[in-house]
Every structure is written in C-alpha cells, then in structure tokens.
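Structure at a glance
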Amino acid sequence: NGVPVGSQVGAGTGRGAMLGKLKFEYGFSDDKYVLASDLGYARLARSGTNEGKTLGVEADIHLTQKWYENFKTNYALGILFPGSAYTKEAHVAWGVQLRGALTF
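Looking only at helices and strands, the protein chain features zero helices and five strands. Listing every helix and strand of the protein chain by position from the N terminus yields β-β-β-β-β. Within the protein chain, the fraction of its 104 residues that count as buried is 21%. Surface accessibility of the protein chain: about 7,700 Å² in total, with carbon and sulfur atoms responsible for 59%.

On inspection of all chains with the given rule, the structure shows two salt bridges. For K23, the salt bridge identified is with E25, shortest N-O distance 3.6 Å. Owing to a relative accessible area of 56%, E25 belongs among the exposed residues under this scheme.

Enumeration over the complete set of coordinates arrives at two aromatic pairs. Arranged with centres 5.8 Å apart and planes meeting at 25 degrees, the rings of Y26 and F28 form a pair that is stacked. Take F28: its relative accessible area is 32%, and that puts it in the partly exposed class.

What counts and what doesn't
Residues numbered from 1 in each chain as written. Predicted model: local features only at pLDDT ≥ 70, side-chain atom pairs only at ≥ 80, totals over all residues. Heavy atoms only, no water. Helix = DSSP H or I, 4+ residues; strand = E, 2+ residues; numbered from the N terminus. Buried < 20%, exposed > 50% of the residue type's maximum accessible area, 1.4 Å probe, protein only. Areas by Shrake-Rupley, 256 points an atom, 1.4 Å probe, with all protein chains shown as cover. Salt bridge = Lys/Arg side-chain N within 4 Å of Asp/Glu carboxyl O. Phe/Tyr/Trp six-rings, centres within 6.5 Å; stacked < 30°, edge-to-face > 60°.

Structure follows, in structure tokens:
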C-alpha cells in the first residue's frame, strides 16, 4: 500500500524527483551549540499531466545542544511551500521536531 520510488506525485501522473539542498551551519561556545539552516528545492523528473514540475521549497532551522560528551538534543522547525506539481488547493505545511541522542 506504500508509494514506490518514482511513482505518482502531486495531482497528475508526474514521476520521480530531483532535489537540491543548501546547508549553513555555525557552532558557538566551543561547539556546545550548533545553529543550522537548510534550504531545499525539488522538482519532478517527468511532469506527466501535472500542471508544472516544481514540487516546492523547504526551509528548516535547527539547534543542536551538546549536554555531555555522549548526549545531544536537537530542536528543529521546518516549513514547506508546495509548488505547481500539486493542486492549487495545496497549503503550506510546517512541522517541529525534538530529538535526543545518546551515544555509547
């Protein structure tokens, strides 16, 4: 019941995707904190019957905090601006994430 790689995306028969992503990162307080931002752009490989090829633009910002040598937390916020490959009724989507990682 899942969507296989390269299958329909959006509101038409468009298939596949190409993705480009830029990342900016800055560490401070001896890298105890790392502030980073990602900007991504995606488009369909084949537009098919979709109105356009653009899947959208996504922007993320995240902060990683190093509590101990082996424990970090990550706080993130992301927003997606859908492109013309989706229906005209597609809305902006956003999400937040909180993660913890223990390394041993």
